[in-house]
Amino acid sequence: MDGETTRVEAFSDGVFAIAITLLVLDLKVPRELHEGQTLADALVKQWPAYMAFVTSFLTILIMWINHHRMFTLVDRCDHRVLFYNGFLLLGVTVVPFPTSLVSEYLHEEGQRTAALVYNGTFFAIAIAFNLLWRSMAIGNRLIRRDADPAAVQRIFESYRYGPLCYGLAFIAGLFNVTLSLLIDLGLAIFFALPGKSDKTS
């Protein structure tokens, strides 16, 4: 990578690192135990926070991995790339907030709203990923000459389903919040799987 793309990726890495670190703030140490309640009981009661943390942690981790994969296939950037990358990072920095909502309201009144905000955030991030990738890859505009065409095509194919699947998770959240979170977790695993043509990780 040249200096331009190195600076973009380094700055983005910092944003991803801060966002993923902030997630742990939602894991609280039980300070007061009710009569007859053990510490183990109090910890188990906080399982919604653990579920939200793991799902968001894995999702941000996979976003970082895919961001890295994209930038190993390009050798320069321009104003459009910087703008769309900034839009993507905006979404990444927001993730800790809906994660807090889900951990606080899962199985409580308001859980549906929390799930909609959570999935809506990931839907917007999926759109941002598509805009960023397409701004670099359509017509091989910024793609390296020695980049593997199969790897480029694989990203096009996988990103095509992101908005659709997160839209499905959003709709599922209207009826079953836990199911919508499981869809999010499944999507994180799906996007983590390297394709046969992926030689960049």
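Here is what the cut-offs are and how they apply
Along each chain, the written sequence defines residue order, and numbers are assigned to residues from 1. For a predicted model such as this one, the threshold for reporting local features is a pLDDT of at least 70, and the threshold for listing and counting side-chain atom pairs is 80 or more; totals across whole chains, interfaces and linings nevertheless cover every residue. Processing note: side-chain calculations cover all non-hydrogen atoms of the structure and skip hydrogens and water entirely. Helical segments are the DSSP runs of H or I of at least four residues, strand segments are the runs of E of at least two, and each set is numbered from the N terminus. A 1.4 Å probe rolled over the protein chains alone gives each residue an accessible area, and that area as a share of the maximum for its type sets the label: buried under 20%, exposed over 50%, partly exposed in between. Working rule for contacts: check all heavy atoms of both residues, and any pair within 4.5 Å makes them a contact. A helix is expected to span 1.5 Å multiplied by its residue count minus one. N or O atoms within 3.5 Å of each other form a polar contact, as long as, within protein, one can give a hydrogen and the other can take it, and as long as residues adjacent in sequence are counted only when both atoms are side-chain atoms. Here, axes are lines fitted to C-alpha atoms. For helices the fit covers the stretch in contact, and angles between N-to-C directions go from 0 to 180 degrees. Relative orientations are named as follows: roughly parallel for angles under 35 degrees, roughly antiparallel for angles over 145 degrees, roughly perpendicular for angles from 65 to 115 degrees, and oblique for any other angle. Under the convention adopted here, Pro, Cys and the residues Ala, Val, Leu, Ile, Met, Phe, Trp and Tyr are nonpolar, Asp, Glu, Lys and Arg are charged, and Gly plus all remaining residues are polar. For this analysis, a ring pair means two rings from Phe, Tyr or Trp (six-membered ring only for Trp) whose centres lie within 6.5 Å, classed as stacked if their planes differ by under 30 degrees, edge-to-face if by over 60, and tilted for the remaining angles.

Secondary structure assignment for the chain yields 9 helices and 0 strands. Counting from the amino terminus, helix and strand elements in the chain follow one another as α-α-α-α-α-α-α-α-α. Taken along its principal axes, the extent of the C-alpha atoms in the chain is 65 × 35 × 30 Å. The burial tally for the chain puts 45% of its 201 residues in the buried class. Considering only intrachain contacts with a sequence separation of at least 6, the fraction spanning at least 24 residues in the chain is 79%.

Before going further, it helps to examine helix α4 (residues 79-94). Here α4 spans 23 Å end to end across 16 residues, near enough to the 22 Å set by a 1.5 Å rise per residue. With a side-chain oxygen lying 3.2 Å from the backbone nitrogen of Arg80, the N-terminal cap of α4 falls on Asp78.

A few words on the packing of α4 against helix α5 (residues 96-105). Where α4 meets α5, the closest approach of the two axes is 5 Å, and the angle between their N-to-C directions is 30°. What the angle tells us is that α4 and α5 run roughly parallel. Together, Val92, Thr93 and Val94 of α4 and Pro96, Phe97 and Pro98 of α5 make up the contact between the two elements. Of the residues that constitute the contact of α4 with α5, the class distribution is 5 nonpolar, 1 polar and no charged.

Our next topic: the packing of aromatic side chains. Under the criterion given, the structure shown has 6 aromatic pairs. Here the aromatic rings of Phe83 and Tyr84 are separated by 5.7 Å at their centres, their planes lie at 65°, and the arrangement is edge-to-face. With a centroid separation of 5.7 Å and 65° between ring planes, the pair formed by Trp133 and Phe156 is classed as edge-to-face. Taken together, the positions of Trp133 in helix α6 (residues 111-137) and Phe156 in helix α7 (residues 149-160) put the pair 23 residues apart, joining distant regions of the chain. You can call Phe156 buried: its relative accessible area is 14%.

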